[in-house]
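Okay, here's what each chain looks like letter by letter:
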Amino acid sequence: FQAQDAIRDLDSSLVGSEMCIRDRFQPARVVVRKGGTVTWNQADAMPHTVTARDGSFASQQLGANQSFSQVFDKPGTYSYYCSLHPSMQAVVEVVE
């Protein structure tokens, strides 16, 4: 019940969220509803990727001012990292 209340309290941006890449993924955890889109905006001078640990999605190498979007159709937790800088890690949580 409390989890449902927390989800209800999240704003309508749950349908889609924007992430920033600048030395790390910001924020490190984002929650979206099933069917939502997450867009990563690359704001760093160094190139980065957005690569799912389970292989379900991967961006090409992103240079400064490039972006990558992914639609999430299945609920679950998706861990991802930068294949060029593996210590850069974050999570997308998809809820009903």
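For every chain, the first residue of the written sequence is number 1, and numbering continues from 1 along that sequence. Under the rules for a predicted model, residues below a pLDDT of 70 receive no local features and side-chain atom pairs below 80 are neither given nor counted, while totals for whole chains, interfaces and linings still include all residues. Calculated side-chain values reflect all of the structure's heavy atoms, with hydrogen atoms and water omitted.

It is worth spelling out the overall build of the protein at this point. In this description a helix means any DSSP run of H or I spanning at least four residues, a strand means any run of E spanning at least two, and both kinds are numbered starting from the N terminus. The number of helices and strands found in the protein is 1 helix and 8 strands. Classification of the 96 residues of the protein by burial places 38% in the buried group. On the protein, roughly 5,600 Å² of surface is accessible, and the fraction owed to carbon and sulfur atoms is 49%. Each residue is placed in one exposure class: buried if its accessible area under a 1.4 Å probe, protein chains only, is under 20% of its type's maximum, exposed if it is over 50%, and partly exposed if it falls in between. For every accessible area listed, the method is Shrake-Rupley and the probe measures 1.4 Å; residues are considered covered only by the protein chains on display.

What follows concerns the side chain of Ser59. Take Ser59: it is sitting in the loop between strand E5 (51–52) and strand E6 (67–72). Within 3.5 Å is the distance limit for a polar contact, defined as a pair of N or O atoms, with the added protein rule that one can donate a hydrogen and the other accept it, and that residues adjacent in sequence qualify only through two side-chain atoms. Within polar-contact distance, the side chain of Ser59 engages the backbone nitrogen of Val50 at 2.8 Å. Setting aside its immediate chain neighbours within four residues, Ser59 contacts Thr49, Val50 and Phe68. Any pair of residues with heavy atoms lying within 4.5 Å of one another is described as a contacting pair.

Right, let's talk about the pairing of strand E8 (residues 89–95) for a bit. For a regular strand, side-chain orientation follows a simple rule: the groups alternate between the two sheet faces. Following DSSP output, two strands are said to pair if at least two bridges run between them. Note that strand E3 (residues 29–33) and E8 share 5 bridges and pair parallel. In the strand pairing of E8, Val31 is matched with Glu93. Alignment of strand E7 (residues 76–81) against E8, held across 6 bridges, turns out to be antiparallel. When the sheet's bridge partners are listed, Gly76 is paired in E8 with Val94.

With that settled, the discussion passes to the packing of aromatic side chains. The rule is short: rings of Phe, Tyr and Trp, with Trp giving its six-membered ring, pair when the centres are within 6.5 Å, and they are stacked under 30 degrees, edge-to-face over 60, tilted in between. In this structure the tally under the stated criterion is 7 aromatic pairs. A ring pair is formed by Trp40 and Tyr80, whose centres lie 5.3 Å apart and whose planes are at 80 degrees; its orientation type is edge-to-face. A residue pair is termed long-range when its members are at least 10 positions apart, and Trp40 in strand E4 (residues 36–42) and Tyr80 in strand E7 qualify at 40 residues. With relative accessibility at 0%, the residue Trp40 sits in the buried group. For Tyr80, a relative accessible area of 0% gives the class buried.

Let us now look at the nonpolar core. What makes a nonpolar core is a set of buried Ala, Val, Leu, Ile, Met, Phe, Trp, Tyr and Cys residues whose side-chain atoms join them at distances within 4.5 Å. Counting 20 residues, the largest nonpolar core has Phe25, Trp40, Val50, Phe57, Tyr80 and Val92 as the members making the most contacts within it. Broken down by secondary-structure element, the contributors of at least two residues to this core are strand E1 (16–21), E3, E4, E6, E7 and E8. By residue number, the principal contributor to this core is E8, which donates 3 residues.

In this section: the pattern of salt bridges. Any Lys or Arg side-chain nitrogen located within 4 Å of an Asp or Glu carboxyl oxygen qualifies as a salt bridge. Per the stated rule, a full pass over the model turns up 2 salt bridges. In this structure, Glu93 and Arg29 form a salt bridge, with 2.3 Å as the shortest nitrogen-oxygen distance. In this pair, Glu93 sits in strand E8 while Arg29 sits in strand E3, placing the two residues 64 residues apart along the sequence. In this structure, Glu96 and Lys34 form a salt bridge, with 3.9 Å as the shortest nitrogen-oxygen distance. In this pair, Glu96 is assigned in the segment after E8 and Lys34 in the loop between E3 and E4, connecting sequence segments 62 residues apart.

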